[in-house]
Amino acid sequence: LMLDEFADEGLDAKGFRAAVDSIRKVADKDNKSIVLITHKQEDVLYDNLDALYELELKNQFSVLKEISTF
């Protein structure tokens, strides 16, 4: 499942946590992966990650780098 900025606007930290927790439960139950693209940098996000990547634009090319594994 790929979600692109699905909750970057309109949800407070509590609502964002509830949304991410719900999506994570469905993914875990069905043994699926989630790719969440967001500009949020809240702690609630890091509680639910297996890996964190950063996408950076360099010389008009997107460069993906792993920041951390959890």
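The structure presented is a predicted model; accordingly, all values stated were derived computationally and were not measured. Note that residues are indexed from 1 along each chain, following the sequence as it is written. The predicted nature of this model means local features are confined to residues of pLDDT at least 70 and side-chain atom pairs, given and counted, to a pLDDT of 80 or more, with totals for whole chains, interfaces and linings taken over all residues. By convention in this description, side-chain values take in all heavy atoms of the structure and omit both hydrogens and water.

### Let's talk about the overall build of the protein
Strands are runs of DSSP state E lasting at least two residues, helices are runs of H or I lasting at least four, and both sets are numbered from the N terminus onward. Tallying secondary structure elements over the protein gives two helices and four strands in all. Order of helices (α) and strands (β) in the protein, N terminus to C terminus: β-α-β-α-β-β. Each residue's exposure class comes from its accessible area (1.4 Å probe, protein chains only) as a fraction of the maximum for that residue type: buried when under 20%, exposed when over 50%, partly exposed otherwise. Burial statistics for the protein: of 70 residues in total, 17% are counted as buried. When checking whether two residues touch, look at their non-hydrogen atoms; a contact exists if any pair is within 4.5 Å. Pairs at least 24 residues apart make up 43% of the contacts formed inside the protein by residues separated by at least 6 positions. Each accessible area is a Shrake-Rupley result for a 1.4 Å probe, and residues are judged covered by the shown protein chains and nothing else. When the accessible surface of the protein is split by element, carbon and sulfur atoms take 50% of a total near 5700 Å².

### Digging into the pattern of salt bridges
What counts as a salt bridge is simple: a side-chain nitrogen of Lys or Arg found within 4 Å of a carboxyl oxygen of Asp or Glu. Applying the stated criterion to the full structure yields four salt bridges. It is possible to trace a salt-bridge network through shared partners that takes in Arg24, Asp28 and Asp50.

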